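Observations on the model geometry
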Amino acid sequence: PMFGRQGAEFVAQGSGGQWLPSENWKDKPLALVFFRPGTAGVAEVVRAFATLRTDRAFAPTIFLGLGQDTTERLDQFTRLNGLNLPILRDPGRIARDYQVADRPAIILLDARRTVRFRLDGFPAAHQRARLEAVAAALRDLPMQAGDVTTGLDLAYTANPRAPLFRAADLRGRTVDLAALKGKVVVLIFFDQ
């Protein structure tokens, strides 16, 4: 439900007790994994997410874990699973703002904080395929920041105008609506 919308700014608690605002990672894409330690299968999902962080192909994306528990339990979870991933404590509001339930969820935000990808739940039978979908979305994430047009001022009553935007087609070629001025263009918008 949040795809294409602005993600909420947040403040989470680090393992040292300090509170870290999401503006610390301003102008960088964010990959967030929401989880509750002790939930069935969550350790495998978070470990797999953490390994994605080591892939240089996903730079400059910032990877963060947002766990709902005490900082002590989150630190223990990190140690037991040998995670090389910053884990922050979500006091509960962040998951609520992002409409995350008890199942693990991965949400990707571009540098402008627009939600570009979301996947909730990683059942064992589909875990690998879902993590491959996350990796594919991560590859495209740094390039998507330019696809968002904000603050459109459109007069729909007389001679409505299409908003100007640039996007990649299915073959990766750039399509610029301004370059098509004067031609008939049919746009079909859909959500995956």
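The structure reproduced in this document is the subject of the present report. Residue positions within a chain follow its written sequence, with the count starting from 1. Whole-chain, interface and lining totals are the exception, using all residues; otherwise, since this is a predicted model, local features are given only for residues with pLDDT of at least 70 and side-chain atom pairs are given and counted only at 80 or more. Side-chain figures throughout are based on the complete set of non-hydrogen atoms in the structure, without hydrogens or water.

A word on a nonpolar patch on the surface. For patch building, the residue pool is restricted to those with more than 30% relative accessible area and no salt bridge; the joining distance is 9 Å between like charges and 5 Å between nonpolar side chains (Val, Leu, Ile, Met, Phe, Trp, Tyr). For the area figures, the Shrake-Rupley method with a 1.4 Å probe applies, and any residue is considered shielded solely by the protein chains shown. Salt bridge criterion: a side-chain nitrogen from Lys or Arg within 4 Å of a carboxyl oxygen from Asp or Glu. On the surface, Val184, Val186, Ile188 and Phe190 cluster together into a nonpolar patch covering about 570 Å² of accessible area. In this structure, Ile188 sits in the segment after strand 9 (174–176). Secondary structure counts use DSSP, requiring at least four H or I residues in a row for a helix and at least two E residues in a row for a strand, with both numbered from the N terminus.

One pass over the structure, following the stated rule, counts six salt bridges. Note that Asp97 is salt-bridged to Arg93, the shortest N-O span being 3.3 Å. Of the two residues, Asp97 and Arg93 both sit in helix 3 (residues 93–97), four residues apart, roughly one turn of that helix. Owing to a relative accessible area of 29%, Asp97 belongs among the partly exposed residues under this scheme. A salt bridge links Arg128 to Glu132; the nearest nitrogen and oxygen atoms lie 3.5 Å apart. Of the two residues, Arg128 and Glu132 are both situated in helix 4 (residues 127–140); the distance of four residues between them amounts to about one turn of the helix. For each residue, the accessible area found with a 1.4 Å probe, counting protein chains only, is set against the maximum for its type, and the residue is called buried under 20%, exposed over 50%, and partly exposed in between. Given the relative accessible area of 69%, Arg128 is considered exposed.

Attention now moves to unusual backbone geometry. Note that the residue after Ala59, namely Pro60, is joined by a cis bond; omega there is 10 degrees. Here Pro60 shows up in the loop between helix 1 (42–53) and strand 4 (62–67). Phi at Asp27 takes a positive value of approximately 65 degrees, unusual for a residue other than glycine. Among the structural elements, Asp27 can be located in the loop between strand 2 (19–21) and strand 3 (30–35). Overall, Asp27 belongs to the exposed group, its relative accessible area being 56%. A positive phi angle is found at Arg113, which is not glycine, with a value near 70 degrees. Residue position: Arg113 is located in the loop between strand 6 (105–109) and strand 7 (115–120). On the basis of relative accessibility, which here comes to 6%, the residue Arg113 falls in the buried class.

Fitted lines through C-alpha atoms serve as axes, helices being fitted only where they are in contact, and the angles separating the N-to-C directions of these axes extend from 0 to 180 degrees. Taken N-terminus to C-terminus, the directions of helix 1 and helix 4 make an angle of 30 degrees; their axes are 11 Å apart at the nearest point. With respect to each other, helix 1 and helix 4 are oriented roughly parallel. When the axes of helix 1 and helix 4 are compared, the crossing they make is right-handed. In this structure, helix 1 contributes Glu44, Val45, Ala48 and Leu52 to the contact, and helix 4 contributes Gln127, Leu131, Val134, Ala135 and Leu138. Here the word oblique covers every angle except those under 35 degrees (roughly parallel), over 145 (roughly antiparallel) and from 65 to 115 (roughly perpendicular). Note: crossing handedness is left-handed where the near helix turns anticlockwise from the far helix by less than a right angle, and right-handed where it turns clockwise. Residues count as neighbours in contact if any of their non-hydrogen atoms are within 4.5 Å of one another.

Okay, the environment of Pro29 next. Positionally, Pro29 belongs in the loop between strand 2 and strand 3. Taking the relative accessible area as the measure of exposure, Pro29 reaches 4% and is therefore buried. On a C-alpha basis, the gap between Pro29 and Phe58 in space is 9.7 Å, while along the polypeptide they are 29 residues apart. Among all residues touching Pro29, those that are not within four sequence positions of it are Pro60, Thr61, Ile62, Leu109, Asp110, Ala111, Leu141 and Pro142.

Bringing the nonpolar core into the picture now. Burial of nonpolar side chains together is a common tendency in soluble globular proteins. What is meant by a nonpolar core is a set of buried Ala, Val, Leu, Ile, Met, Phe, Trp, Tyr and Cys residues, joined one to another through side-chain atoms within 4.5 Å. By size, the foremost hydrophobic cluster in this structure holds 29 residues, and its most contacted members are Val46 and Leu138. Going through the elements one at a time, strand 3, helix 1, helix 2 (71–80), strand 6, strand 7 and helix 4 are the ones with two or more residues in this core. Ranked by residues supplied to this core, first place goes to helix 1 with eight residues. The residues touching Val46, leaving out its near neighbours within four places in the chain, are Val33, Phe35, Phe77, Leu83, Leu85 and Ile87. In terms of nonpolar packing, the next biggest core, distinct from the first, is built from 19 residues, Met2, Leu20, Leu30 and Val100 among them.

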